[in-house]
Amino acid sequence: MNSQSPTLTTLGADLRALRRARGITIADLAARMGRSVGWISQVERDLSDPSISDLRALAKCLAVPMSMLFAHASAPVEEQGYIVRSGARRPMGSGEEGLIEELLSPDLTDDFEMVHSTFAPHARMQSPAHRPTQEVAYVISGRLDLQIGARQFTVGPGDSFRIRHEPFQWSNPFDEACVAVWVIAPPVY
């Protein structure tokens, strides 16, 4: 990627980063989508624009919500790849478990991603997650119960925690939302 041009941090760059983070080759993705390797390559290099149906299929193959594939043009050109304004964060996930997440990173092309997470009161993760990542989070407000491996913790404002390649699960049994900022490496969204 040309570091001189922030506009290259686009849908194609994010798709490439997501594909690589999941260990999927261009050939594998093309086969899953019923498309050619050349077409996938052109999309990743922003030489071809995928249709809405293509975006839906890409999101499914890469296990991300479609919302992750939008909002690339919301920042002024001079800010793209550098600045994420508070009203222009990309939403992530479905929010079904009571967790609303927004991408704080300008894109998914770095070796890590930053995520703003809001855990609704009385929400809980239905089943443990186990990701090949290292994650560090800082709690801004509220409290959260965590299970990391076999250990149980409760964290609150000003606390931080780390998860390294371990299964984890969260719950917010409290009456107040919990807000945290996460740094995840490599990017998973």
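Above: the structure in question.
Residues numbered from 1 in each chain as written. Predicted model: local features only at pLDDT ≥ 70, side-chain atom pairs only at ≥ 80, totals over all residues. Heavy atoms only, no water.

Q: Go over the packing of helix α1 (residues 11–21) against helix α4 (residues 52–62) with me, naming the residues and quoting the values.
A: Close contact between α1 and α4 brings their axes to 10 Å; oriented N to C, the two are set at 30 degrees. With respect to each other, α1 and α4 are oriented roughly parallel. Note that α1 runs across α4; the crossing there is left-handed. The segment α1 lies against α4, with Leu11, Leu15, Leu18 and Arg19 engaging Leu55, Leu58 and Leu62. Per-class residue counts for the contact of α1 with α4 are six nonpolar, no polar and one charged. (Axes fitted to C-alpha atoms, helices over the stretch in contact; angles between N-to-C directions. Helix = DSSP H or I, 4+ residues; strand = E, 2+ residues; numbered from the N terminus. Parallel < 35°, antiparallel > 145°, perpendicular 65-115°, else oblique. Left-handed = near helix turned anticlockwise from the far one by under 90°. Contact = heavy atoms within 4.5 Å. Nonpolar A, V, L, I, M, F, W, Y, C, P; charged D, E, K, R; others polar.)

Q: Explain a nonpolar patch on the surface to me, using residue names and the numbers behind them.
A: A cluster of nonpolar side chains, Phe112, Val136 and Val183, forms an exposed patch at the surface whose accessible area comes to about 210 Å². For Val136, the location among the structural elements is in strand β5 (residues 134–141). The exposure class of Val136 is partly exposed, given its relative accessible area of 41%. (Patch = residues over 30% accessible without salt bridge, like charges linked within 9 Å, V, L, I, M, F, W, Y side chains within 5 Å. Areas by Shrake-Rupley, 256 points an atom, 1.4 Å probe, with all protein chains shown as cover. Salt bridge = Lys/Arg side-chain N within 4 Å of Asp/Glu carboxyl O. Buried < 20%, exposed > 50% of the residue type's maximum accessible area, 1.4 Å probe, protein only.)

Q: A description of unusual backbone geometry should follow, citing residues and the corresponding values.
A: Each neighbour pair has its own omega, and for Ala185 with Pro186 the value is -10 degrees, a cis peptide bond. In this structure, Pro186 sits in the segment after β10 (178–185). Even without being glycine, Asp46 reaches a positive phi, approximately 60 degrees. Examined against the element boundaries, Asp46 turns out to sit in the loop between α3 (37–44) and α4.

Q: Please give an account of the pairing of β5 that cites residues and values.
A: The pairing of β5 with strand β8 (residues 160–164) spans five bridges and is antiparallel. When the sheet's bridge partners are listed, Val136 is paired in β8 with Arg162. Relative to β10, β5 is paired through seven bridges, and the arrangement is antiparallel. Across the sheet, the residue bridging to Val139 is Ala180, located in β10. (Pairing = 2+ DSSP bridges.)

Q: Help me get a handle on the pairing of β10, residues and values and all.
A: Burial analysis of β10 places six of its eight residues in the buried class, the great majority of the element. Pairing of strand β3 (residues 113–119) with β10 involves seven bridges; the strand directions are antiparallel. Note that in β10 the partner of Met114 across the bridge is Val183.

Q: Lay out the packing of aromatic side chains in plain terms, naming residues and giving numbers.
A: Applying the stated criterion across every chain yields a total of three aromatic pairs. Here Phe119 and Trp170 contribute two aromatic rings whose centre-to-centre distance is 4.8 Å and whose plane-to-plane angle is 70 degrees, an arrangement assigned as edge-to-face. Of the two residues, Phe119 is situated in strand β3 and Trp170 in strand β9 (residues 168–172); the sequence distance between them amounts to 51 residues. As far as burial versus exposure is concerned, Phe119 and Trp170 are alike and both buried. Seen from their ring centres, Phe168 and Trp182 are 6.3 Å apart, and the 40 degrees between their planes marks the pair as tilted. Note that Phe168 is positioned in strand β9 and Trp182 in strand β10, a separation of 14 residues in sequence. By the burial criterion, Phe168 is buried, and Trp182 matches it. Aromatic ring contacts, followed pair by pair, group Phe161, Phe168 and Trp182 into a single cluster. The ring of Phe174 carries Arg143 above its face, with NZ or CZ at 3.8 Å from the centroid. (Phe/Tyr/Trp six-rings, centres within 6.5 Å; stacked < 30°, edge-to-face > 60°. Lys NZ or Arg CZ within 6 Å of the ring centre and 35° of its normal.)

Spatial relationships are all this shows, so hold off on functional conclusions.
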